[in-house]
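A structural walkthrough
One letter stands for each residue in the lines below.
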Amino acid sequence: KTLRKVREIREQLMLIMQSLKIPHVSCGTNWDVVRKAICSAYFTHAATLKGVGEYQNLRTALKCQLHPTSALSGMGFTPDYVVYHELVMTSKEYMMCATAVEAIWLAEMGSMFFSIKDSSYQSRLVSKALH
């Protein structure tokens, strides 16, 4: 059922792109493009790692965790920043549909809410961009 809905939405987007004469270009294996697009839509639902497996919403300071069924929770690596679609309350507050994002993306796409204050981090990013 969900995949059928995905196919319908994709077809709608393809028709809109054709009518506007926008070329269809794939990101290939560059998944950062997809993660940035998700970040641009969900930057208001951003959370940062605060403890072992515990996150804190950057805007509301609400404590939450990745849902146990999330692909991110079983990676063996815990991302420093995530964006999520919704919170589900059971015994704990769980983030559903979470995606790992970079701090700089949050500052770029949600500049009215976020900024990077660590000057050493900024200088590393600038030096990376120059090389």
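This structure is a prediction, so every number in the text was calculated from the model and none was measured. (Residues numbered from 1 in each chain as written. Predicted model: local features only at pLDDT ≥ 70, side-chain atom pairs only at ≥ 80, totals over all residues. Heavy atoms only, no water.)

Comments concerning the pattern of salt bridges
Heads up, the condition is: A carboxyl oxygen of Asp or Glu within 4 Å of a side-chain nitrogen of Lys or Arg is what we treat as a salt bridge. Runs of H or I in DSSP of at least four residues are treated as helices and runs of E of at least two as strands, each being numbered from the N terminus.
Taken as a whole and judged by the stated rule, the model has two salt bridges. In this structure, Glu-102 and Arg-35 form a salt bridge, with 3.4 Å as the shortest nitrogen-oxygen distance. Highlighted residues: Glu-102 in the loop between strand E7 (99-101) and helix H3 (103-109) and Arg-35 in helix H2 (residues 31-42), separated in sequence by 67 residues.

Some thoughts on a nonpolar patch on the surface
Our working definition: Patch membership needs two things, relative accessible area over 30% and no salt bridge, and members are linked within 9 Å if like-charged or within 5 Å if nonpolar (Val, Leu, Ile, Met, Phe, Trp, Tyr). Here the open area of atoms and residues is found with the Shrake-Rupley method and a 1.4 Å probe, where only the protein chains shown may cover a residue.
Among the surface-exposed residues, Ile-9, Leu-13, Ile-16, Leu-20 and Ile-22 lie close enough to one another that they form a single nonpolar patch of about 460 Å² accessible area. With respect to the element layout, Ile-9 can be found in helix H1 (residues 2-19).

Some words on the sheet that holds E7
Spelled out, the test is: What makes two strands pair is DSSP finding at least two bridges between them. Think of each axis as a best-fit line through the C-alpha atoms, taken over the contacting stretch in the case of a helix, with angles from 0 to 180 degrees between the N-to-C directions. Contacts between residues were defined by any pair of non-hydrogen atoms, one from each residue, lying within 4.5 Å.
Pairing is mixed across the open sheet formed by seven strands, whose spatial order is E5-E6-E3-E2-E1-E4-E7. Single-partner strands in this sheet number two, and they are strand E5 (86-89) and E7. Each neighbouring strand pair of the sheet contributes to a mean axis angle of 45 degrees, computed without reference to strand direction. Judged from the three bridges that link them, strand E4 (residues 81-83) and E7 form a sheet pairing that is antiparallel. Bridge assignment links Tyr-81 to a residue of E7, and that residue is Val-101. Across the sheet, H2 touches strand E1 (46-51), E4 and E7, and the angle it forms with E7 is around 95 degrees.

Brief notes about unusual backbone geometry
One non-glycine residue, Lys-21, adopts positive backbone phi at about 55 degrees. With respect to the secondary-structure elements, Lys-21 resides in the loop between H1 and H2. At Cys-97, a position not held by glycine, the phi torsion is positive, near 55 degrees. Of note, Cys-97 is situated in the loop between strand E6 (93-96) and E7.

Let's talk about the nonpolar core
The cut-off we apply is this: By nonpolar core is meant a set of buried Ala, Val, Leu, Ile, Met, Phe, Trp, Tyr and Cys residues that side-chain atoms within 4.5 Å join together. Three labels apply to residues, based on accessible area from a 1.4 Å probe with only protein chains included: buried if under 20% of the type maximum, exposed if over 50%, partly exposed otherwise in between.
In terms of nonpolar packing, the biggest core is built from 10 residues, these being Ala-47, Tyr-55, Cys-64, Leu-66, Leu-72, Val-82, Tyr-84, Met-95, Ala-98 and Ala-100. If sequence neighbours within four positions are ignored, Val-82 has contacts with His-45, Ala-46, Ala-47, Tyr-55, Leu-72, Met-95, Thr-99, Ala-100 and Val-101. Counting eight residues, the second largest nonpolar core, distinct from the first, contains Cys-39, Phe-43, Val-83 and Val-101.

Describing the environment of Gln-56
Inclusion rule: N or O atoms within 3.5 Å of each other form a polar contact, as long as, within protein, one can give a hydrogen and the other can take it, and as long as residues adjacent in sequence are counted only when both atoms are side-chain atoms.
Tracing the backbone shows Gln-56 in strand E2 (residues 54-57). Among the residues examined, Gln-56 registers a relative accessible area of 16% and is labelled buried. In the structure, Gln-56 is positioned 10 residues away from Ala-46 in sequence and 8.4 Å away in space, judged by C-alpha atoms. Apart from residues lying up to four places away in sequence, Gln-56 is in contact with Ala-46, Ala-47, Thr-48, Lys-50, Ala-61, Leu-62 and Lys-63. Within the local environment of Gln-56, its side chain forms a polar contact with the backbone oxygen of Ala-61, the two atoms lying 3.3 Å apart.

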